[in-house]
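# Topology and contacts: notes
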Amino acid sequence: MEHASLVDGLPQTLRDAEAPGFQLFPGFAETSLTNAIREDVTMIARAAAAGSDVSPALVMPENQGLEGRSPEDVVSKIFRLHRRPIFLEFIKDPRVVDIVVSAIGQNVDCFLSQFIFKNPRARGQPWHQDSYYFPFEPLRPIVGLWLAITEATLENGCLHILPGSQTEDLKKHIPDRRVDANNGYVEIVDHDMSESQPCLLQPGDLMVFDSHLMHKSTDNFSDDVRAAMVWHFALAGTKDPGVVRNGKRLPSPVNDWMPYLRDGAVRVPV
Ligand SMILES: O=C(O)CCC(=O)C(=O)O
């Protein structure tokens, strides 16, 4: 299908050596959408805390022993959201299609979605490349769309990126050394990050980044939540080996492979 670009300045691919490996789209989403996303995940957090089955959504608590008045105050992330109506509405937006076609191609699956609460005093995620978490066949292309739901500042734990690092190989990652780090957090420790840049964002701003781009986020030292919604996309037909638990190979508990684009057109399950 011939695809006319709806988004200004879209790179041919985020992976080009000339490209920085990321692109910011300021004011991409309306407040009505970011509010609706936040309402939906708050409802899921409360339902899960009340003992309801919220599957396929997967609610992960913070490891820092946070206290709060409401269930969502102690949640770290909620995974497996992308089949829910409000999240589908976002990825069906022709501008999102445009971005994903540009980054991946015309045949694409959505395999991961997560709402990151980053409550006050929650830990950030150390320097990493998303591809560390995606040992797929093929390994690339993979793109992440990070939508700011609240403002992201130096104080509340915004993202920091290393422009150009998408051209580098996958680096060695070691487990996050902090005792109260969240499960699964890993870090790159032997790389020069001195050229890193903070991403100071407003609600509704969208960051798009290649899965080899090195990035981190810092801890939330503010009194308010710093929330974001993230989707990841890969080529249709990508093979996911899953995870090994107690010697058994199992499907990833967080990935949920859903058909998204076929020949450039949205083909999500109804
Ligand atoms: O939003 C954050 O605090 C970290 C997000 C991140 O590093 C990621 O989605 O890979």
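Structure shown above.
Here we summarise the structure given alongside this text. (Residues numbered from 1 in each chain as written. Predicted model: local features only at pLDDT ≥ 70, side-chain atom pairs only at ≥ 80, totals over all residues.)

### Overview of the overall build of the chain
Helix and strand content of the chain: 3 helices and 16 strands. For a compact globule of 270 residues, the expected C-alpha radius of gyration is about 18 Å, and the chain comes in at 18 Å, within 12% of that figure. Counting only C-alpha atoms and orienting by the principal axes, one finds that the chain spans roughly 50 × 45 × 45 Å. Relative to its full complement of 270 residues, the chain shows a buried share of 39%. In the chain, once contacts between residues fewer than 6 apart in sequence are set aside, the share between residues at least 24 apart is 81%. (Helix = DSSP H or I, 4+ residues; strand = E, 2+ residues; numbered from the N terminus. Rg over C-alpha atoms; globule rule 2.2 N^0.38 Å. Buried ≥ 20, exposed ≤ 12 C-beta atoms within 10 Å, placed from the backbone. Contact = placed C-beta atoms within 7 Å.)

### Focus: the sheet that holds strand β6 (residues 159-161)
Spatially, β9-β6-β11 is the arrangement adopted by the 3 strands of the open sheet, whose pairing is antiparallel. Every other strand in the sheet has two partners, leaving β9 (197-199) and β11 (215-217) as the edge strands with one partner each. Along the sheet, successive strands turn relative to each other by an average axial angle of 30 degrees, direction set aside. (Pairing = 2+ DSSP bridges. Axes fitted to C-alpha atoms, helices over the stretch in contact; angles between N-to-C directions.)

### Details of the site of the ligand
Around the ligand, the neighbouring residues are Ile116, Lys118, Gly124, Gln125, Asp130, Trp146, Gly157, Leu159, His215, Ser217, Ala228 and Val230. Contributing elements (two or more residues each) for the shell around the ligand: β11 and β12 (228-235). Classifying every residue of the shell around the ligand by side-chain character gives 5 nonpolar, 5 polar and 2 charged. (Near = placed C-beta within 6 Å. Nonpolar A, V, L, I, M, F, W, Y, C, P; charged D, E, K, R; others polar.)

### Quick word on helix α3 (residues 94-103)
Within α3, the full set of buried residues consists of Val96, Val97, Ile99, Val100 and Ala103. The buried residues of α3 occupy one face: seen down the axis, they fall within an arc of 165 degrees. Of the residues trailing α3, Gly105 is marked for its positive phi of about 135 degrees. (Arc of directions from axis to C-beta.)

### Some thoughts on unusual backbone geometry
Excluding glycine, residues mostly have negative phi values, and the peptide bonds linking residues are mostly trans. Residue Ser55 is joined to Pro56 through a cis peptide bond whose omega torsion reads 10 degrees. For Pro56, the position within the fold is in the loop between α1 (31-49) and β2 (58-61). Backbone torsion omega between Glu137 and Pro138 reads -5 degrees, so that peptide bond is classified as cis. Relative to the helices and strands, Pro138 resides in the loop between β4 (108-116) and β5 (142-148). Even without a glycine there, the phi angle at Lys118 is positive, about 45 degrees. Position of Lys118 relative to the elements: it lies in the loop between β4 and β5. A positive phi is found at Asn246, a non-glycine position, where the angle reads about 50 degrees. Inspection of the secondary structure assignment puts Asn246 in the loop between β13 (243-245) and β14 (248-250). By the C-beta count within 10 Å, which is 5 here, Asn246 ends up exposed.

### Things to note about the nonpolar core
Grouped together as the largest cluster of nonpolar side chains are 63 residues, with contacts concentrated most on Ile78, Val100, Val143, Leu147, Val208 and Phe233. In this structure, Val100 is in contact with Val108, Val143, Phe233 and Leu261, ignoring residues within four places of it in sequence. (Core = buried A, V, L, I, M, F, W, Y, C linked by C-beta atoms within 7 Å.)

### Observations regarding helix α2 (residues 85-92)
Those residues of α2 that fall on the buried side of the exposure criterion are Phe87, Phe90 and Ile91. Here the buried residues of α2 occupy an arc of 90 degrees about the axis, which is enough to place them on one side. Looking at α2, the residues exposed on the side facing more than 90 degrees away from the buried face are Pro85 and Lys92. If you follow the buried residues of α2, they end up packed against α1, α3, β4, β12 and β15 (258-262).

### A look at the environment of Thr238
Residue placement: Thr238 occurs in the loop between β12 and β13. Here the alpha-carbon distance between Thr238 and Ile44, two residues 194 residues apart in the chain, equals 29 Å. Here Thr238 is in contact with Asp109, Phe136, Glu137 and Pro138, once residues within four sequence places are set aside.

### Focus: the pairing of strand β10 (residues 206-210)
Put simply, side chains in a regular strand alternate between the two faces of the sheet. Across the 5 residues of β10, 5 count as buried, placing the element largely inside the fold. Of the two faces of β10, both are covered, the one formed by Leu206, Val208 and Asp210 as well as the one formed by Met207 and Phe209. Pairing of strand β1 (residues 22-25) with β10 involves 4 bridges; the strand directions are antiparallel. Bridge pairing in β10 places Leu24 opposite Met207. Sheet analysis places β5 next to β10, joined by 5 bridges and oriented antiparallel. Following the sheet pairing, Val143 is matched in β10 by Asp210.

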